[in-house]
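Take a look at the letters that make up each chain.
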Amino acid sequence: MTELLFRDDAYLKTATARVVAAHDGVVTLDRTIFYPLGGGQPGDTGFIVRDNGERIAIADTRKGAEPGTVAHVLAPGATQPEAGETVGLEIDWKRRYALMRLHTALHVMSCVVIAPVTGGNIAPDKARLDFDIDIALLDADRIADGTNALIARGVATETVWITDEELDARPELVKTMSVQPPRGAGRIRLLRIPGIDLQPCGGTHVANIAEIGGIQVTRIRNEGKRNKRVEIVLRD
Ligand SMILES: [Zn+2]
């Protein structure tokens, strides 16, 4: 198991860790600040820093083949660290923080567009949600204004854990039809934005929605019968 440091503190930019294994360009660590691809949020990039100062580029982060582990994918041609080695970790914070702001913005927007969410994706420069809704009901200015009005409340986000049984008793919490929360671990992580949103999510979020600043809706597009896509960017 890899200890997921970003779960308790999404703002960790550096940490130290021990290399558990390194082969075929993939490094497993005993703990990590690198978020692995999942829930529409891309995996982190950054560096493993050796004692001698050598910087080994991490091109991507994925869930590992072993349950509960994280695979740090080395850039092509990068040196492989040794198992047992203690190393420094550095994530590309500028990229990750943009992902955190956009990710949290999608939570807020999902409370402005009242429809089932059929898909979603986050990139460092833009993010989108797909809704099962009549496209005529989607108005870019109204969505942006509604989302920005909620962001302006400036409330702190909270992480809440519930049991599988509690979630089963409250199916309305699961808005994203295409991404069912992982079950079987006994407990499920929720993001709560008090007065705005509460839904299962394992991603990384900003501590206060004021950090999002504001959003613009750049595009509304028909991507299929049940997928009306709303794409956003950060306003600054
Ligand atoms: Zn989330």
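Residues numbered from 1 in each chain as written. Predicted model: local features only at pLDDT ≥ 70, side-chain atom pairs only at ≥ 80, totals over all residues. Heavy atoms only, no water.

**Q** Hey, could you go over the packing of helix 2 (residues 93-109) against helix 3 (residues 140-151) for me, with residue numbers and the actual values?
**A** When two helices pack together, their arrangement is given by the angle between the helix axes and the distance between those axes. Contact geometry of helix 2 with helix 3 gives a least axis separation of 9 Å together with a crossing angle of 110 degrees. Considering the angle they form, helix 2 stands roughly perpendicular to helix 3. Facing helix 2, whose interface residues are Ala105, Val108 and Met109, helix 3 presents Ile143, Thr147, Leu150 and Ile151. The residue inventory of the contact of helix 2 with helix 3, partitioned by class, reads six nonpolar, one polar and no charged. (Axes fitted to C-alpha atoms, helices over the stretch in contact; angles between N-to-C directions. Helix = DSSP H or I, 4+ residues; strand = E, 2+ residues; numbered from the N terminus. Parallel < 35°, antiparallel > 145°, perpendicular 65-115°, else oblique. Contact = heavy atoms within 4.5 Å. Nonpolar A, V, L, I, M, F, W, Y, C, P; charged D, E, K, R; others polar.)

**Q** Explain the pairing of strand 5 (residues 46-49) to me, using residue names and the numbers behind them.
**A** When a strand is regular, its side chains alternate between the sheet's two faces. Where strand 5 and strand 6 (residues 55-63) come together, four bridges link them in antiparallel fashion. Pairing of Val49 across the sheet is with Arg55, part of strand 6. A loop of five residues connects strand 5 with strand 6, the two strands running antiparallel in sequence, and Gly53 in this loop sits at a positive phi of about 95 degrees. Note that strand 5 and strand 8 (residues 86-91) share four bridges and pair antiparallel. From the neighbouring strand, Val49 faces strand 8, where its bridge partner is Gly88. (Pairing = 2+ DSSP bridges.)

**Q** So what's going on with the pairing of strand 3 (residues 26-29)? Which residues, and what values?
**A** One ladder, built from four bridges, connects strand 2 (residues 14-23) with strand 3; its direction is antiparallel. Across the sheet, the residue bridging to Ala22 is Val27, located in strand 3. The antiparallel pairing of strand 2 with strand 3 creates a hairpin that spans two residues between the two strands, and Asp24 there sits at a positive phi of about 55 degrees. Relative to strand 7 (residues 70-74), strand 3 is paired through two bridges, and the arrangement is antiparallel. Directly across from Val27, in strand 7, lies its bridge partner His72.

**Q** Outline the coordination of the zinc ion, listing residues and values.
**A** Coordination sphere of the zinc ion, protein contribution only: His103 (NE2), His107 (NE2), Cys201 (SG) and His205 (NE2), at 2.0 to 2.1 Å. Here the zinc ion binds four donor atoms, and the angle range of 102 to 123 degrees at the metal identifies the geometry as tetrahedral. In primary sequence terms, the donor set of the zinc ion follows H-x3-H-x93-C-x3-H. Here His103 pairs with His107, and both are found in helix 2, just four residues apart, close to one helical turn. On the basis of relative accessible area, His107 is assigned to the buried category, the value being 4%. (Donors = N, O, S within 2.8 Å, 3.2 Å for Na, K, Ca; no water. Tetrahedral: all angles 85-135°; square planar, octahedral: opposite > 155°, others 65-115°. Buried < 20%, exposed > 50% of the residue type's maximum accessible area, 1.4 Å probe, protein only.)

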